[in-house]
Amino acid sequence: HHWFGDLITCRSWEHSWLNEGFATTLPMFYNRATCGQDAFDLDRYRNFEGAIDTMGMRGRKEVAGAIGSVANPNMGSIYDGGCSRIMMLYRLLGEERFWKSIHAFLETYKFQPVTTEDFFGIVSKTSGEDLSAFVKQWFYSPATPSLSASIDGSDLVIDQLAPFYTLDLPVWVLDGEAWVKKSIHVDGARSKLALGDLASKPLLIDPEVWTPMELSYKMPYTGAQVDALYAHAPNAAQRARLVAHVFDSIPVADRITAARGEKTVGVVQMIADHLGTEGEAYLLEMTKQTDKRVENSGLQALGRLKLSPEAIARVTAVAANDPNEAVRETATQALLNNSTDTRFGQKVWTMHAFDDGYRVMAMSWMGKNQPEKARTLALGVLANPDSEPLRVASINVLAAVKEGVGGHQVFDALIKVAKETSYGARIAAINALAALGNKDAISVLKPFTIHGPGGVVGTAQGAVNALSK
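Residues numbered from 1 in each chain as written. Predicted model: local features only at pLDDT ≥ 70, side-chain atom pairs only at ≥ 80, totals over all residues. Heavy atoms only, no water.

Caption draft 1: Broad picture of the pattern of salt bridges. If you walk through the whole model with that rule in mind, you get 26 salt bridges. Among the salt bridges present, the one from Lys292 reaches Asp322, with a minimum N-O distance of 3.1 Å. Of this pair, Lys292 sits in helix 13 (residues 292-302) while Asp322 sits in the loop between helix 14 (309-321) and helix 15 (325-337), placing them 30 residues apart in sequence. For Lys292, a relative accessible area of 29% gives the class partly exposed. Where salt bridges share partners, they join Glu49, Asp53, Arg58 and Glu214 into one cluster. (Salt bridge = Lys/Arg side-chain N within 4 Å of Asp/Glu carboxyl O. Helix = DSSP H or I, 4+ residues; strand = E, 2+ residues; numbered from the N terminus. Buried < 20%, exposed > 50% of the residue type's maximum accessible area, 1.4 Å probe, protein only.)

Set out below in structure tokens:
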């Protein structure tokens with residue numbers, strides 16, 4: 001992490017993935033050394049999914065523009081978007097050539113501003129790998145890949161939404177207890193792989209998860225087939241992908257069985273989000289685990305449900321007595337989600353936490369249940385600056401409850417924050433002004449689209465566009 005912060009900087013904003021992408025990637029290797037390969041694989045999966053989400057490509061349709069048609073590096077968030085591309089480069093070059101190339105880059109450009117082209121020029125020269133197609137496809141395209149897989153007769157068919165990536169993807173077919181390993185060349189709208197007698201067997205595409213893409217399986221897998229794929233998945237990244245995209249098709253009892261046998265805490269946390277009301281008893285078991293990450297995940301999942309009296313009693317006990325403050329906050333949030341009692345909301349507002357979490361959740365709750373009171377409290381917070389999390393929560397509430405009849409206090413308060421040099425609160429205020437629909441904000445926001453720092457530029461431009469309609 002410190003190599004990049006100390007030795008180089010990006011020449012301009014569009015190349016900032018070099019700093020922040022590596023700042024996101026390097027801790028993954030520390031986690032691999034200290035926590036094991038599963039932690040590394042799960043980190044990679046999360047960053048791949050974040051790259052899709054921050055590029056706005058979840059559940060997308062066809063996107064105009066060909067591969068390589070974007071003028072500047074385009075990856076969504078420079079953090080997980082940058083990391084995802086670095087991880088693919090790592091996979092392409094292999095460990096030895098990758099680190100040798102990174103070292104050469106740092107030595108060549110230390111104490112200098114650099115560009116994406118500078119980076120890949122050195123990496124290509126040092127590794128002996130022509131990376132022009134890789135760079136064109138993954139850095140200058142308008143969308144991440146979106147694929148769907150189905151079986152047609154004895155063929156695996158992969159349909160791809162435009163823009164059309166060129167990909168060589170491993171395909172592993174589970175034949176009994178053994179994997180039969182094949183690959184498919186994806187290019188254009190539709191690609192096929194002949195499977196013969198294996199076409200009736202369950203399979204995984206990109207089984208070790210080295211490609212950031214939205215991938216959906218259109219095959220009607222049975223619960224037993226999903227269970228088998230999960231049991232034989234090669235790593236935690238694939239198990240996470242199965243949980244996220246296939247688990248909702250199998251019985252809750254099977255999901256719970258998988259959770260009980262899962263050794264990677266991060267995957268157990270994901271399964272908890274896919275249990276629903278039927279899984280309440282198991283989620284309550286999770287709240288009694290000694291691992292606070294598991295306990296907290298169970299509480300978070302319970303907070304999204306309408307709780308039974310038994311669950312209310314258990315969560316109330318955790319909120320009052322658990323020694324971990326973060327766990328107590330999560331339990332309190334679950335109780336708030338299941339309450340319309342204004343006295344309880346007021347009680348939470350008076351509670352204190354290291355991260356101001358109680359007042360943040362109380363502010364959001366009042367925005368839904370006591371909008372007039374929430375407006376007054378939120379305006380008070382902005383008039384007398386408090387913690388940053390509470391300011392952001394107050395701004396979000398003001399966007400939702402809007403202005404009092406004939407008033408302009410909300411607009412004035414948000415404009416004041418939008419003119420700050422802060423980051424989180426400023427972006428929240430700009431988004432809130434767009435939500436209010438007050439076109440008077442355009443004259444204040446327009447300069448940010450030219451002069452503001454990266455995140456604020458995009459936010460302000462989006463707000464101006466919304467208000468101009």
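Caption draft 2: Expanded view of the sheet that holds strand 3 (residues 146-152). If you walk across this open sheet you meet the 4 strands as 7-4-3-9, and the pairing is mixed. A single partner strand is all that each edge strand has here, and the edge strands are strand 7 (190-194) and strand 9 (214-217). This sheet shows a mean twist of 20 degrees between the axes of neighbouring strands, independent of strand direction. Sheet topology places strand 4 (residues 155-160) next to strand 7; 5 bridges connect them, and they run antiparallel. By the bridge assignment, Ile158 is partnered in strand 7 with Ser191. (Pairing = 2+ DSSP bridges. Axes fitted to C-alpha atoms, helices over the stretch in contact; angles between N-to-C directions.)

Caption draft 3: A look at the sheet that holds strand 6 (residues 178-187). Here we have 3 strands laid out as an open sheet, ordered 6-5-8, and antiparallel in their pairing. The sheet terminates laterally at strand 6 and strand 8 (203-205), the two strands that pair on one side only. Neighbouring strand axes in the sheet, compared pairwise and without regard to direction, differ in orientation by 20 degrees on average. With 10 bridges connecting them, strand 5 (residues 166-175) and strand 6 associate as antiparallel partners. Following the sheet pairing, Thr166 is matched in strand 6 by Asp187.

Caption draft 4: A look at the environment of Val444. The residue Val444 is located in helix 22 (residues 442-445) in this model. For Val444, a relative accessible area of 18% corresponds to the buried category. Spatially, the C-alpha atom of Val444 lies 52 Å from that of Met219, the residues being 225 residues apart in sequence. Sequence-distant contacts of Val444, defined by excluding residues within four places in its chain, comprise Ile415 and Lys419. (Contact = heavy atoms within 4.5 Å.)

Caption draft 5: Structural view of the packing of helix 2 (residues 17-35) against helix 3 (residues 37-54). Their axes nearest at 6 Å, the elements helix 2 and helix 3 cross at an angle of 155 degrees. Relative to helix 3, the element helix 2 is oriented roughly antiparallel. For the crossing formed where helix 2 meets helix 3, the hand is right-handed. Contacts from Thr24, Met28, Phe29, Asn31, Arg32 and Cys35 of helix 2 reach helix 3 at Gln37, Ala39, Phe40, Asp43, Arg44 and Asn47. For the contact of helix 2 with helix 3, a count of residues per class yields 5 nonpolar, 4 polar and 3 charged. (Parallel < 35°, antiparallel > 145°, perpendicular 65-115°, else oblique. Left-handed = near helix turned anticlockwise from the far one by under 90°. Nonpolar A, V, L, I, M, F, W, Y, C, P; charged D, E, K, R; others polar.)

Caption draft 6: Spotlight on the nonpolar core. Grouped together as the largest cluster of nonpolar side chains are 103 residues, with contacts concentrated most on Phe119, Leu156, Leu203, Ile205 and Tyr217. Element by element, the count of residues in this core is highest for helix 4 (residues 80-93), at 7 residues. In this structure Ile205 touches Ala149, Leu156, Ile158, Leu169, Pro170, Val171, Met213, Leu215, Tyr217, Gln238 and Arg241, once residues within four positions along its chain are discounted. Residues Trp349, Ala393, Ala428 and Leu467 belong to the second largest nonpolar core, which totals 43 residues. (Core = buried A, V, L, I, M, F, W, Y, C linked by side-chain atoms within 4.5 Å.)

Caption draft 7: Quick look at the packing of helix 5 (residues 95-109) against helix 6 (residues 116-127). Interhelical geometry of helix 5 versus helix 6 gives an angle of 130 degrees and a closest axis separation of 9 Å. Here helix 5 lies oblique to helix 6, going by the angle between them. Note that helix 5 runs across helix 6; the crossing there is right-handed. Seen from helix 5, the contacting residues are Arg97, Lys100, Ser101, Ile102, Ala104, Phe105, Thr108 and Tyr109; seen from helix 6, they are Asp118, Phe119, Ile122, Val123, Thr126 and Ser127.

Caption draft 8: View of the side chain of Glu214. Looking at where Glu214 falls in the secondary structure, it is placed in strand 9. Contact partners of Glu214, with chain neighbours within four places excluded, come to Ile52, Met57, Arg58, Gly59, Arg60, Pro145, Ser146 and Leu147.

Caption draft 9: Focus on the packing of aromatic side chains. Summed over the entire model, instances satisfying the criterion amount to 21 aromatic pairs. A centroid spacing of 5.8 Å and a plane angle of 50 degrees characterise the contact between Phe105 and Tyr109, whose relative ring orientation is tilted. On the criterion of helical spacing, the pair formed by Phe105 and Tyr109 is a turn pair, its members being 4 residues apart in helix 5. Relative to Phe139, the ring of Phe120 lies with its centre 5.1 Å away and its plane at 75 degrees, an arrangement referred to as edge-to-face. Within this pair, whereas Phe120 is found in helix 6, its partner Phe139 is found in helix 7 (residues 132-139), the two being separated by 19 residues in sequence. (Phe/Tyr/Trp six-rings, centres within 6.5 Å; stacked < 30°, edge-to-face > 60°.)

Caption draft 10: The arrangement of the environment of Gly59 in detail. Within the secondary structure layout, Gly59 lies in the loop between helix 3 and helix 4. Taking the C-alpha atoms as reference, Gly59 lies 26 Å from Leu302; in sequence the two are 243 residues apart.

Caption draft 11: Structural detail: the environment of Leu92. For Leu92, the location among the structural elements is in helix 4. With a relative accessible area of 37%, Leu92 lands in the partly exposed category. It is 43 Å that separates the C-alpha atoms of Leu92 and Glu329, two residues lying 237 residues apart in sequence. Among all residues touching Leu92, those that are not within four sequence positions of it are Arg97, Glu129, Leu131 and Phe134.

These figures capture arrangement, not role.
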